[in-house]
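Structural features, examined
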Amino acid sequence: MSQAPVFPDGFLWGAATAAHQIEGSPLADGAGPSIWTRFAHTPGMTLNGDTGDVACDHYRRWKDDVKLMRDLGLQAYRFSVAWARVLPEGTGRINQAGLDFYSRLVDELLANGIEPLLTLYHWDLPAALDDRGGWLNRDSADWFAEYASVMYKALDGRVKKWVTLNEPWVITDGGYLHGALAPGHRSLFEAPIASHNLMRAHGAAVRAYREIGAHEIGLVVNIEPKYAASDSEADRVATRRAHAYMNEQYLHPALLGRYPEELEDVFGAAWPEWPKQDFELIRQKLDFVGINYYTRGVTEANDSYPLKAGSVRQPLATYSETGWEFYPKGLTDLLVWFKQTYGDTPVYITENGAAMYDPPAAEVDADGRGRVRDPLRTAYLRQHIGAIHDAIQAGVDVRGYMLWSLLDNLEWSLGYSKRFGMVHVNYATQQRTPKDSAHWYSGVIRSHGRSL
Ligand SMILES: OC[C@@H]1[C@@H](O)[C@H](O)[C@@H](O)c2[nH]c(CCc3ccccc3)c[n+]21
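Presented here is a report on the structure given in the accompanying data block.

Analysis parameters
Residues numbered from 1 in each chain as written. Predicted model: local features only at pLDDT ≥ 70, side-chain atom pairs only at ≥ 80, totals over all residues. Heavy atoms only, no water. Pairing = 2+ DSSP bridges. Helix = DSSP H or I, 4+ residues; strand = E, 2+ residues; numbered from the N terminus. Axes fitted to C-alpha atoms, helices over the stretch in contact; angles between N-to-C directions. Buried < 20%, exposed > 50% of the residue type's maximum accessible area, 1.4 Å probe, protein only. Near = heavy atom within 4 Å. Polar contact = N/O pair within 3.5 Å; in protein donor to acceptor, adjacent residues only side chain to side chain. Areas by Shrake-Rupley, 256 points an atom, 1.4 Å probe, with all protein chains shown as cover. Nonpolar A, V, L, I, M, F, W, Y, C, P; charged D, E, K, R; others polar. Expected span 1.5 Å × (residues − 1). Contact = heavy atoms within 4.5 Å. Phe/Tyr/Trp six-rings, centres within 6.5 Å; stacked < 30°, edge-to-face > 60°. Lys NZ or Arg CZ within 6 Å of the ring centre and 35° of its normal. Parallel < 35°, antiparallel > 145°, perpendicular 65-115°, else oblique. Salt bridge = Lys/Arg side-chain N within 4 Å of Asp/Glu carboxyl O.

With that settled, the discussion passes to the sheet that holds strand S8 (residues 297-301). Here we have three strands laid out as an open sheet, ordered S6-S8-S9, and mixed in their pairing. The two strands at the open ends of the sheet, each matched to only one other strand, are strand S6 (226-228) and strand S9 (309-311). Between one strand axis and the next, the sheet turns by 45° as a mean value, whatever way the strands run. Summarising the sheet, S8 and S9 pair through three bridges and their orientation is antiparallel. If you follow Glu-300 over to S9, its bridge partner there is Gly-310.

In this section: the pairing of strand S7 (residues 288-292). The buried fraction of S7 amounts to five of the five residues, a majority that puts the element mostly inside the structure. Sheet topology places strand S5 (residues 216-222) next to S7; five bridges connect them, and they run parallel. The residue bridging Val-220 from the neighbouring strand is Gly-290, located in S7. By the bridge criterion, four bridges tie S7 to strand S10 (residues 347-351) in an arrangement that is parallel. Of the residues in S10, the one forming a bridge with Ile-291 is Ile-349.

Here the focus is the site of the ligand. Close contacts around the ligand come from 15 residues, with Gln-21, His-122, Glu-167, Glu-351 and Glu-411 the closest. Here an oxygen atom of the ligand and a side-chain polar atom of Gln-21 are 2.7 Å apart. Separating an oxygen atom of the ligand from a side-chain N or O atom of Glu-411 is a distance of 2.7 Å. Starting from 460 Å² of accessible surface for the ligand in isolation, the protein chains cover 84%. Here the shell around the ligand is built from residues that sort into seven nonpolar, five polar and three charged.

Our focus in this paragraph is helix H7 (residues 140-155). Compared with the 22 Å implied by 1.5 Å per residue over 16 residues, the 22 Å span of H7 between its first and last C-alpha is a close match. Most of H7 is tucked away: 12 of the 16 residues are buried. For H7, the full list of buried residues reads Ser-140, Ala-141, Trp-143, Phe-144, Ala-145, Tyr-147, Ala-148, Ser-149, Val-150, Met-151, Tyr-152 and Leu-155. Positioned one or two residues after H7, Gly-157 has a phi angle of 110°, which is positive.

Time to look at the environment of Trp-143. The residue Trp-143 is located in helix H7 in this model. Sequence spacing of Trp-143 and Ala-204 is 61 residues, and the spatial spacing of their C-alpha atoms is 9.5 Å. Excluding anything up to four places from it in sequence, Trp-143 contacts Trp-83, Thr-91, Leu-129, Arg-132, Gly-134 and Asn-137.

Take Arg-296: it is sitting in the loop between S7 and S8. Between the C-alpha atoms of Arg-296 and Tyr-227, which are 69 residues apart in sequence, the distance is 7.8 Å. When near neighbours in sequence (up to four residues on either side) are disregarded, Arg-296 contacts Glu-224, Pro-225, Tyr-227, Gln-314, Glu-325 and Tyr-327. Among the polar contacts made by the side chain of Arg-296, one reaches the side chain of Glu-325 at a distance of 2.8 Å.

One pass over the structure, following the stated rule, counts 39 aromatic pairs. The interplanar angle of 55° and the centroid separation of 4.8 Å between the aromatic rings of Trp-36 and Trp-412 together place this pair among those described as tilted. Separated by 376 residues along the polypeptide, Trp-36 in helix H2 (residues 35-40) and Trp-412 in the loop between strand S11 (398-404) and strand S12 (423-426) bring together distant segments of the chain. Between Trp-83 and Phe-144, the aromatic rings sit 5.6 Å apart at their centres with planes inclined by 50°, giving tilted as the arrangement. A residue pair is termed long-range when its members are at least 10 positions apart, and Trp-83 in helix H4 (residues 83-86) and Phe-144 in helix H7 qualify at 61 residues. Of the residues examined, Trp-83 reaches a relative accessible area of 0% and is grouped as buried. Taken together, the ring pairs connect Trp-169, Tyr-245, Tyr-259, Phe-267, Trp-271, Trp-274 and Phe-279 into an aromatic cluster. Lying across the ring of Tyr-227, Arg-296 places its NZ or CZ 5.4 Å from the centre. Residue placement shows Arg-313 over the ring face of Tyr-319; its charged tip is 3.8 Å from the ring centre.

Time to look at the environment of Gln-96. In this fold, Gln-96 is placed in helix H5 (residues 96-111). Between the alpha carbons of Gln-96 and Thr-429 there is a distance of 30 Å; along the sequence they are 333 residues apart.

Here helix H15 (residues 375-393) crosses helix H16 (residues 436-446) at 30°, and the two axes come no closer than 9 Å. In terms of axis orientation, H15 runs roughly parallel to H16. On H16, the residues that touch Arg-377, Thr-378, Leu-381, Arg-382 and Ile-385 of H15 are Asp-436, Ser-437, Trp-440 and Tyr-441.

A rise of 1.5 Å per residue sets the reference length of helix H14 (residues 328-342), with its 15 residues, at 21 Å; its end C-alpha atoms lie 21 Å apart and thus fit the reference within 8%. Buried within H14 we find Pro-328, Gly-330, Leu-331, Thr-332, Leu-334, Leu-335, Trp-337, Phe-338 and Tyr-342. Residue Gly-343 follows H14 closely and has a positive phi angle near 90°.

Turning to the pattern of salt bridges, a few remarks are in order. Pairing between side chains becomes possible if they bear opposite charge and their charged atoms approach one another. Scanning all chains against the criterion turns up 28 salt bridges. With its nearest N and O atoms 2.8 Å apart, the salt bridge here joins Asp-107 to Arg-158. Linking Asp-107 in helix H5 with Arg-158 in the loop between H7 and strand S4 (161-166), this pair joins segments that are 51 residues apart in sequence. Between Asp-436 and Arg-371 there is a salt bridge, with its nearest N and O atoms 3.0 Å apart. Of this pair, Asp-436 sits in helix H16 while Arg-371 sits in the loop between S10 and H15, and the two are 65 residues apart along the sequence.

What follows is the structure, encoded as C-alpha coordinates:
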(Lines give C-alpha, C1' and ligand atoms only; values in the text may rest on other atoms or scores of the structure.)
Protein backbone atom coordinates (compact mmCIF):
# COMPACT_ATOMS: atom_id res chain seq x y z
CA MET A 1 0.00 0.00 0.00
CA SER A 2 1.70 3.20 -1.09
CA GLN A 3 1.97 5.95 1.50
CA ALA A 4 -0.94 8.41 1.46
CA PRO A 5 0.41 11.63 -0.08
CA VAL A 6 1.15 14.39 2.38
CA PHE A 7 0.73 17.96 1.10
CA PRO A 8 2.53 20.88 2.78
CA ASP A 9 0.74 22.69 5.61
CA GLY A 10 -1.14 25.64 4.12
CA PHE A 11 -1.43 24.06 0.67
CA LEU A 12 -4.51 25.80 -0.71
CA TRP A 13 -7.33 23.80 -2.34
CA GLY A 14 -9.66 25.79 -4.58
CA ALA A 15 -11.35 26.21 -7.93
CA ALA A 16 -11.21 28.77 -10.73
CA THR A 17 -13.52 30.66 -13.08
CA ALA A 18 -13.37 33.84 -15.20
CA ALA A 19 -15.80 36.76 -15.48
CA HIS A 20 -16.82 36.49 -19.13
CA GLN A 21 -17.34 32.75 -18.84
CA ILE A 22 -19.75 32.70 -15.91
CA GLU A 23 -21.19 36.14 -15.06
CA GLY A 24 -23.69 37.01 -17.82
CA SER A 25 -25.32 40.48 -17.68
CA PRO A 26 -22.31 42.01 -19.46
CA LEU A 27 -23.86 45.49 -19.71
CA ALA A 28 -25.77 45.59 -16.40
CA ASP A 29 -25.53 48.50 -13.96
CA GLY A 30 -23.45 50.78 -16.15
CA ALA A 31 -20.88 48.24 -17.35
CA GLY A 32 -19.26 48.92 -20.73
CA PRO A 33 -18.88 46.33 -23.52
CA SER A 34 -15.71 44.24 -23.75
CA ILE A 35 -14.02 42.87 -26.87
CA TRP A 36 -15.74 39.55 -26.07
CA THR A 37 -19.17 41.20 -26.00
CA ARG A 38 -18.40 42.45 -29.50
CA PHE A 39 -16.65 39.30 -30.76
CA ALA A 40 -19.41 36.92 -29.64
CA HIS A 41 -22.06 39.13 -31.24
CA THR A 42 -20.16 39.11 -34.53
CA PRO A 43 -21.74 36.42 -36.73
CA GLY A 44 -19.57 33.32 -37.18
CA MET A 45 -17.09 34.06 -34.40
CA THR A 46 -18.41 31.57 -31.84
CA LEU A 47 -19.93 28.10 -32.07
CA ASN A 48 -23.72 28.37 -32.55
CA GLY A 49 -23.32 32.12 -32.06
CA ASP A 50 -23.06 31.50 -28.30
CA THR A 51 -22.49 34.67 -26.26
CA GLY A 52 -21.82 35.64 -22.64
CA ASP A 53 -25.14 37.49 -22.37
CA VAL A 54 -26.40 34.96 -19.77
CA ALA A 55 -23.63 32.35 -19.28
CA CYS A 56 -24.07 30.91 -15.73
CA ASP A 57 -25.95 34.05 -14.59
CA HIS A 58 -23.37 34.38 -11.83
CA TYR A 59 -23.72 38.18 -11.79
CA ARG A 60 -27.12 37.57 -10.19
CA ARG A 61 -26.57 34.17 -8.53
CA TRP A 62 -23.21 34.97 -6.94
CA LYS A 63 -24.41 34.57 -3.34
CA ASP A 64 -25.78 31.04 -3.99
CA ASP A 65 -22.59 30.17 -5.86
CA VAL A 66 -20.48 31.18 -2.85
CA LYS A 67 -22.73 28.97 -0.70
CA LEU A 68 -22.07 26.14 -3.19
CA MET A 69 -18.30 26.74 -2.84
CA ARG A 70 -18.64 26.60 0.96
CA ASP A 71 -20.69 23.38 0.80
CA LEU A 72 -17.97 21.85 -1.38
CA GLY A 73 -15.38 22.89 1.23
CA LEU A 74 -13.29 25.11 -1.07
CA GLN A 75 -10.53 26.98 0.76
CA ALA A 76 -9.88 29.43 -2.11
CA TYR A 77 -11.63 30.75 -5.21
CA ARG A 78 -9.85 32.17 -8.26
CA PHE A 79 -12.02 34.55 -10.26
CA SER A 80 -11.48 37.47 -12.60
CA VAL A 81 -12.77 41.04 -12.67
CA ALA A 82 -14.46 42.32 -15.83
CA TRP A 83 -12.45 45.53 -16.37
CA ALA A 84 -15.32 47.22 -18.26
CA ARG A 85 -17.71 46.81 -15.30
CA VAL A 86 -15.38 48.93 -13.18
CA LEU A 87 -14.11 51.32 -15.89
CA PRO A 88 -16.71 51.29 -18.69
CA GLU A 89 -14.43 53.30 -21.00
CA GLY A 90 -11.36 51.41 -19.76
CA THR A 91 -9.83 54.48 -18.13
CA GLY A 92 -11.14 57.50 -16.19
CA ARG A 93 -14.70 57.28 -14.91
CA ILE A 94 -15.30 54.57 -12.28
CA ASN A 95 -18.65 52.73 -12.38
CA GLN A 96 -19.24 52.28 -8.63
CA ALA A 97 -21.93 49.63 -9.17
CA GLY A 98 -19.38 47.47 -10.99
CA LEU A 99 -16.78 47.87 -8.27
CA ASP A 100 -19.45 47.15 -5.63
CA PHE A 101 -20.27 43.80 -7.27
CA TYR A 102 -16.71 42.57 -6.73
CA SER A 103 -16.46 44.10 -3.27
CA ARG A 104 -19.62 42.25 -2.18
CA LEU A 105 -18.36 39.01 -3.76
CA VAL A 106 -15.04 39.27 -1.88
CA ASP A 107 -16.82 39.98 1.42
CA GLU A 108 -19.12 36.96 0.89
CA LEU A 109 -16.13 34.73 0.14
CA LEU A 110 -14.32 35.90 3.28
CA ALA A 111 -17.49 35.48 5.38
CA ASN A 112 -17.54 31.85 4.22
CA GLY A 113 -13.87 31.22 4.95
CA ILE A 114 -12.86 31.19 1.29
CA GLU A 115 -9.70 33.04 0.22
CA PRO A 116 -10.16 35.17 -2.94
CA LEU A 117 -7.47 34.94 -5.65
CA LEU A 118 -8.24 37.80 -8.03
CA THR A 119 -7.22 37.86 -11.72
CA LEU A 120 -7.23 41.42 -13.06
CA TYR A 121 -7.25 40.44 -16.74
CA HIS A 122 -8.79 37.29 -18.14
CA TRP A 123 -9.09 38.32 -21.84
CA ASP A 124 -12.04 40.76 -21.71
CA LEU A 125 -10.48 44.12 -22.68
CA PRO A 126 -12.93 47.07 -22.61
CA ALA A 127 -14.07 47.62 -26.20
CA ALA A 128 -13.39 51.36 -25.77
CA LEU A 129 -9.68 50.57 -25.37
CA ASP A 130 -9.68 48.29 -28.39
CA ASP A 131 -10.98 51.32 -30.29
CA ARG A 132 -7.79 53.10 -29.16
CA GLY A 133 -5.58 50.26 -30.46
CA GLY A 134 -5.95 47.88 -27.55
CA TRP A 135 -2.81 45.88 -26.73
CA LEU A 136 -1.17 47.24 -29.92
CA ASN A 137 -0.99 50.68 -28.29
CA ARG A 138 1.99 51.18 -25.97
CA ASP A 139 -0.31 53.29 -23.75
CA SER A 140 -2.02 49.99 -22.79
CA ALA A 141 0.55 49.56 -20.01
CA ASP A 142 -0.65 52.82 -18.43
CA TRP A 143 -4.32 51.96 -18.96
CA PHE A 144 -3.83 48.60 -17.23
CA ALA A 145 -1.85 50.09 -14.32
CA GLU A 146 -4.61 52.68 -13.81
CA TYR A 147 -7.30 49.97 -13.71
CA ALA A 148 -5.17 47.74 -11.45
CA SER A 149 -4.60 50.65 -9.04
CA VAL A 150 -8.36 51.24 -8.76
CA MET A 151 -8.78 47.59 -7.79
CA TYR A 152 -5.83 47.58 -5.35
CA LYS A 153 -7.17 50.66 -3.52
CA ALA A 154 -10.64 49.15 -3.30
CA LEU A 155 -9.83 45.55 -2.35
CA ASP A 156 -6.24 45.04 -1.20
CA GLY A 157 -6.19 43.55 2.28
CA ARG A 158 -9.40 41.66 1.68
CA VAL A 159 -7.78 40.29 -1.47
CA LYS A 160 -4.25 39.11 -0.61
CA LYS A 161 -3.39 37.21 -3.79
CA TRP A 162 -3.49 39.18 -7.04
CA VAL A 163 -2.84 38.02 -10.62
CA THR A 164 -2.07 40.57 -13.33
CA LEU A 165 -2.70 38.61 -16.57
CA ASN A 166 -4.19 35.24 -17.36
CA GLU A 167 -2.18 33.54 -20.15
CA PRO A 168 -0.58 36.22 -22.35
CA TRP A 169 0.28 33.39 -24.76
CA VAL A 170 -3.39 32.63 -25.50
CA ILE A 171 -4.31 36.32 -25.68
CA THR A 172 -1.63 36.85 -28.33
CA ASP A 173 -1.66 33.53 -30.23
CA GLY A 174 -5.48 33.40 -30.23
CA GLY A 175 -6.36 37.08 -30.46
CA TYR A 176 -3.64 38.55 -32.69
CA LEU A 177 -1.90 35.74 -34.62
CA HIS A 178 -4.57 33.16 -35.53
CA GLY A 179 -7.70 35.23 -34.90
CA ALA A 180 -9.63 32.48 -33.11
CA LEU A 181 -10.22 34.68 -30.05
CA ALA A 182 -11.12 38.33 -29.54
CA PRO A 183 -10.19 40.75 -31.00
CA GLY A 184 -9.82 38.29 -33.94
CA HIS A 185 -6.70 39.69 -35.61
CA ARG A 186 -4.48 37.59 -37.89
CA SER A 187 -1.08 39.20 -38.10
CA LEU A 188 2.47 37.96 -37.65
CA PHE A 189 3.49 41.61 -37.14
CA GLU A 190 0.83 42.52 -34.57
CA ALA A 191 1.32 39.41 -32.42
CA PRO A 192 4.77 40.27 -30.97
CA ILE A 193 3.70 43.90 -30.41
CA ALA A 194 0.55 42.89 -28.49
CA SER A 195 2.56 40.29 -26.59
CA HIS A 196 5.24 42.78 -25.61
CA ASN A 197 2.71 45.41 -24.51
CA LEU A 198 0.88 42.80 -22.44
CA MET A 199 4.12 42.11 -20.60
CA ARG A 200 4.82 45.83 -20.20
CA ALA A 201 1.33 46.14 -18.74
CA HIS A 202 2.05 43.24 -16.38
CA GLY A 203 5.21 45.01 -15.20
CA ALA A 204 3.44 48.35 -14.79
CA ALA A 205 0.68 46.72 -12.72
CA VAL A 206 3.20 44.96 -10.45
CA ARG A 207 5.17 48.22 -10.05
CA ALA A 208 1.90 49.99 -9.09
CA TYR A 209 1.11 47.19 -6.63
CA ARG A 210 4.43 47.73 -4.84
CA GLU A 211 3.34 51.34 -4.28
CA ILE A 212 -0.22 50.56 -3.14
CA GLY A 213 -0.55 46.93 -2.10
CA ALA A 214 0.75 45.02 0.88
CA HIS A 215 0.30 41.38 -0.08
CA GLU A 216 1.11 39.08 -3.01
CA ILE A 217 1.00 39.47 -6.78
CA GLY A 218 1.92 37.17 -9.65
CA LEU A 219 1.50 36.24 -13.31
CA VAL A 220 -0.48 33.28 -14.69
CA VAL A 221 0.86 31.43 -17.72
CA ASN A 222 -0.34 28.40 -19.66
CA ILE A 223 2.61 26.15 -20.32
CA GLU A 224 2.94 22.58 -21.54
CA PRO A 225 6.01 20.35 -21.77
CA LYS A 226 7.12 19.66 -25.34
CA TYR A 227 8.58 16.21 -26.07
CA ALA A 228 10.22 15.48 -29.45
CA ALA A 229 8.19 12.98 -31.51
CA SER A 230 11.46 11.41 -32.73
CA ASP A 231 15.17 11.96 -32.19
CA SER A 232 15.55 13.41 -35.68
CA GLU A 233 17.34 16.77 -35.84
CA ALA A 234 14.27 18.36 -37.45
CA ASP A 235 11.94 17.20 -34.66
CA ARG A 236 14.36 18.16 -31.91
CA VAL A 237 14.83 21.68 -33.33
CA ALA A 238 11.06 22.05 -33.83
CA THR A 239 10.46 20.94 -30.24
CA ARG A 240 12.93 23.50 -28.93
CA ARG A 241 11.18 26.19 -30.98
CA ALA A 242 7.72 25.15 -29.73
CA HIS A 243 9.00 25.11 -26.13
CA ALA A 244 10.42 28.63 -26.46
CA TYR A 245 7.28 29.92 -28.17
CA MET A 246 4.83 28.67 -25.53
CA ASN A 247 6.77 28.07 -22.34
CA GLU A 248 9.59 30.67 -22.36
CA GLN A 249 8.05 33.55 -24.35
CA TYR A 250 6.47 35.05 -21.20
CA LEU A 251 8.35 33.54 -18.26
CA HIS A 252 11.73 34.60 -19.66
CA PRO A 253 10.92 38.35 -19.88
CA ALA A 254 8.95 38.29 -16.60
CA LEU A 255 11.60 36.47 -14.57
CA LEU A 256 14.86 36.82 -16.54
CA GLY A 257 14.33 40.13 -18.37
CA ARG A 258 14.88 38.77 -21.88
CA TYR A 259 13.19 36.81 -24.67
CA PRO A 260 14.36 33.34 -25.78
CA GLU A 261 16.34 33.80 -29.00
CA GLU A 262 14.17 31.24 -30.86
CA LEU A 263 11.42 33.87 -31.17
CA GLU A 264 13.43 35.61 -33.90
CA ASP A 265 13.19 32.35 -35.91
CA VAL A 266 9.45 32.17 -35.32
CA PHE A 267 8.62 35.78 -36.25
CA GLY A 268 11.47 36.53 -38.67
CA ALA A 269 11.17 40.00 -40.19
CA ALA A 270 8.13 40.61 -37.95
CA TRP A 271 10.29 40.50 -34.81
CA PRO A 272 10.94 44.13 -33.71
CA GLU A 273 13.91 45.63 -31.92
CA TRP A 274 12.78 46.15 -28.31
CA PRO A 275 13.77 49.23 -26.26
CA LYS A 276 16.11 48.01 -23.49
CA GLN A 277 14.26 49.93 -20.76
CA ASP A 278 11.13 47.89 -21.52
CA PHE A 279 12.73 44.87 -19.84
CA GLU A 280 13.37 46.83 -16.65
CA LEU A 281 9.62 47.46 -16.56
CA ILE A 282 8.61 43.90 -17.52
CA ARG A 283 10.93 42.14 -15.08
CA GLN A 284 9.45 42.72 -11.62
CA LYS A 285 9.92 40.58 -8.53
CA LEU A 286 6.91 38.25 -8.29
CA ASP A 287 5.52 36.68 -5.13
CA PHE A 288 4.33 33.66 -7.12
CA VAL A 289 3.74 32.34 -10.61
CA GLY A 290 0.43 30.67 -11.52
CA ILE A 291 0.73 27.72 -13.89
CA ASN A 292 -2.27 26.55 -15.91
CA TYR A 293 -1.62 22.94 -16.94
CA TYR A 294 -3.82 20.75 -19.11
CA THR A 295 -1.68 18.53 -21.33
CA ARG A 296 1.65 17.99 -23.06
CA GLY A 297 2.78 18.40 -26.68
CA VAL A 298 4.59 15.52 -28.42
CA THR A 299 6.14 17.69 -31.10
CA GLU A 300 7.28 17.18 -34.68
CA ALA A 301 8.56 19.50 -37.38
CA ASN A 302 5.83 20.37 -39.86
CA ASP A 303 4.82 23.19 -42.22
CA SER A 304 2.41 24.89 -39.80
CA TYR A 305 2.49 28.71 -39.82
CA PRO A 306 4.49 30.33 -38.35
CA LEU A 307 5.87 27.83 -35.83
CA LYS A 308 6.68 24.98 -38.25
CA ALA A 309 6.04 22.59 -35.34
CA GLY A 310 2.97 20.74 -34.14
CA SER A 311 1.69 18.12 -31.71
CA VAL A 312 1.35 14.46 -32.65
CA ARG A 313 -1.64 12.46 -31.43
CA GLN A 314 -0.73 9.56 -29.11
CA PRO A 315 -2.74 6.49 -30.27
CA LEU A 316 -3.01 4.68 -26.94
CA ALA A 317 -3.69 7.72 -24.77
CA THR A 318 -6.91 9.05 -23.24
CA TYR A 319 -8.11 12.38 -24.61
CA SER A 320 -10.50 15.00 -23.27
CA GLU A 321 -13.34 16.56 -25.26
CA THR A 322 -11.00 19.42 -26.22
CA GLY A 323 -8.56 16.89 -27.74
CA TRP A 324 -6.01 17.21 -24.92
CA GLU A 325 -4.09 14.09 -23.91
CA PHE A 326 -4.23 12.97 -20.29
CA TYR A 327 -0.52 13.19 -19.37
CA PRO A 328 -0.03 13.88 -15.65
CA LYS A 329 3.71 13.18 -15.74
CA GLY A 330 3.97 16.26 -17.95
CA LEU A 331 2.91 18.37 -14.99
CA THR A 332 5.64 16.92 -12.78
CA ASP A 333 8.24 17.38 -15.54
CA LEU A 334 7.06 20.95 -16.14
CA LEU A 335 7.23 21.93 -12.47
CA VAL A 336 10.74 20.50 -12.14
CA TRP A 337 11.76 22.41 -15.31
CA PHE A 338 10.27 25.62 -13.85
CA LYS A 339 12.34 25.29 -10.67
CA GLN A 340 15.52 24.44 -12.58
CA THR A 341 15.03 27.37 -15.01
CA TYR A 342 13.62 30.12 -12.82
CA GLY A 343 14.53 29.14 -9.26
CA ASP A 344 12.35 29.05 -6.18
CA THR A 345 9.53 31.45 -7.02
CA PRO A 346 6.49 29.86 -5.36
CA VAL A 347 3.99 28.25 -7.74
CA TYR A 348 0.22 27.82 -7.67
CA ILE A 349 -1.51 25.52 -10.13
CA THR A 350 -4.07 28.15 -11.09
CA GLU A 351 -5.90 25.94 -13.60
CA ASN A 352 -6.12 22.20 -14.20
CA GLY A 353 -9.08 20.15 -15.37
CA ALA A 354 -10.73 18.43 -18.30
CA ALA A 355 -13.81 18.80 -20.48
CA MET A 356 -15.41 15.40 -20.67
CA TYR A 357 -18.69 14.21 -22.08
CA ASP A 358 -20.84 14.07 -18.94
CA PRO A 359 -24.14 12.22 -19.05
CA PRO A 360 -26.97 14.71 -18.46
CA ALA A 361 -27.87 15.39 -14.84
CA ALA A 362 -31.21 13.72 -15.49
CA GLU A 363 -30.61 11.05 -12.89
CA VAL A 364 -31.80 11.71 -9.40
CA ASP A 365 -30.12 9.68 -6.66
CA ALA A 366 -31.61 8.21 -3.50
CA ASP A 367 -32.04 11.43 -1.56
CA GLY A 368 -33.52 13.28 -4.53
CA ARG A 369 -30.30 15.01 -5.50
CA GLY A 370 -29.27 15.24 -9.13
CA ARG A 371 -26.30 13.04 -9.99
CA VAL A 372 -23.73 13.43 -12.77
CA ARG A 373 -21.35 10.53 -13.14
CA ASP A 374 -18.00 11.81 -14.47
CA PRO A 375 -15.44 9.08 -13.67
CA LEU A 376 -12.99 10.24 -16.36
CA ARG A 377 -12.82 13.73 -14.86
CA THR A 378 -12.18 12.26 -11.40
CA ALA A 379 -9.44 10.04 -12.90
CA TYR A 380 -7.85 13.07 -14.60
CA LEU A 381 -7.94 15.15 -11.40
CA ARG A 382 -6.59 12.34 -9.21
CA GLN A 383 -3.69 11.70 -11.60
CA HIS A 384 -2.77 15.39 -11.86
CA ILE A 385 -3.00 16.16 -8.16
CA GLY A 386 -0.76 13.10 -7.68
CA ALA A 387 1.67 14.56 -10.23
CA ILE A 388 1.79 17.79 -8.21
CA HIS A 389 2.65 15.77 -5.13
CA ASP A 390 5.49 14.12 -7.05
CA ALA A 391 6.84 17.57 -7.95
CA ILE A 392 6.60 18.72 -4.32
CA GLN A 393 8.55 15.60 -3.34
CA ALA A 394 11.15 16.63 -5.94
CA GLY A 395 11.53 19.98 -4.16
CA VAL A 396 9.22 22.27 -6.15
CA ASP A 397 7.50 24.91 -3.98
CA VAL A 398 3.87 24.37 -5.06
CA ARG A 399 1.49 26.27 -2.77
CA GLY A 400 -1.98 25.40 -4.05
CA TYR A 401 -4.34 23.95 -6.65
CA MET A 402 -7.25 25.74 -8.37
CA LEU A 403 -9.38 23.22 -10.26
CA TRP A 404 -10.69 24.43 -13.63
CA SER A 405 -13.55 24.87 -13.28
CA LEU A 406 -16.02 25.37 -10.46
CA LEU A 407 -18.92 25.47 -12.96
CA ASP A 408 -19.57 24.32 -16.50
CA ASN A 409 -19.23 27.61 -18.37
CA LEU A 410 -18.73 29.50 -21.65
CA GLU A 411 -15.65 28.06 -23.35
CA TRP A 412 -14.88 31.20 -25.42
CA SER A 413 -15.26 30.54 -29.16
CA LEU A 414 -16.41 26.96 -28.44
CA GLY A 415 -19.46 28.35 -26.71
CA TYR A 416 -21.22 26.07 -24.22
CA SER A 417 -20.14 22.90 -26.03
CA LYS A 418 -17.35 22.00 -23.60
CA ARG A 419 -18.08 21.23 -19.97
CA PHE A 420 -15.06 21.72 -17.64
CA GLY A 421 -17.06 22.13 -14.44
CA MET A 422 -17.00 19.93 -11.39
CA VAL A 423 -20.53 21.31 -10.99
CA HIS A 424 -22.98 20.73 -13.84
CA VAL A 425 -24.96 23.75 -15.05
CA ASN A 426 -28.31 23.27 -16.76
CA TYR A 427 -28.25 26.42 -18.91
CA ALA A 428 -32.02 26.31 -19.47
CA THR A 429 -32.82 26.39 -15.75
CA GLN A 430 -29.46 27.55 -14.29
CA GLN A 431 -29.70 24.60 -11.88
CA ARG A 432 -26.29 23.69 -10.42
CA THR A 433 -25.62 19.96 -9.74
CA PRO A 434 -22.29 18.90 -8.19
CA LYS A 435 -20.85 16.08 -10.28
CA ASP A 436 -19.31 12.96 -8.71
CA SER A 437 -15.92 14.62 -9.23
CA ALA A 438 -16.99 17.52 -7.00
CA HIS A 439 -17.94 15.16 -4.16
CA TRP A 440 -14.62 13.37 -4.66
CA TYR A 441 -12.70 16.69 -4.61
CA SER A 442 -14.46 17.71 -1.38
CA GLY A 443 -13.03 14.54 0.17
CA VAL A 444 -9.55 15.40 -1.10
CA ILE A 445 -9.80 18.84 0.49
CA ARG A 446 -11.14 17.49 3.80
CA SER A 447 -8.28 14.95 3.98
CA HIS A 448 -5.71 17.53 2.75
CA GLY A 449 -4.87 15.22 -0.14
CA ARG A 450 -4.43 12.00 1.84
CA SER A 451 -7.56 10.43 0.30
CA LEU A 452 -6.14 10.80 -3.22
O1 LIG B 1 -9.98 25.77 -22.10
C2 LIG B 1 -10.23 25.67 -20.73
C3 LIG B 1 -9.66 26.89 -20.01
C4 LIG B 1 -10.39 28.19 -20.35
O5 LIG B 1 -11.78 28.05 -20.11
C6 LIG B 1 -9.79 29.31 -19.46
O7 LIG B 1 -10.50 30.54 -19.56
C8 LIG B 1 -8.35 29.56 -19.87
O9 LIG B 1 -7.64 30.24 -18.84
C10 LIG B 1 -7.66 28.28 -20.26
N11 LIG B 1 -6.39 28.14 -20.67
C12 LIG B 1 -6.21 26.85 -21.05
C13 LIG B 1 -4.95 26.30 -21.63
C14 LIG B 1 -4.50 27.18 -22.83
C15 LIG B 1 -5.48 27.12 -23.93
C16 LIG B 1 -6.60 27.94 -23.88
C17 LIG B 1 -7.52 27.93 -24.93
C18 LIG B 1 -7.29 27.10 -26.03
C19 LIG B 1 -6.17 26.29 -26.05
C20 LIG B 1 -5.26 26.30 -25.00
C21 LIG B 1 -7.38 26.19 -20.85
N22 LIG B 1 -8.26 27.07 -20.36
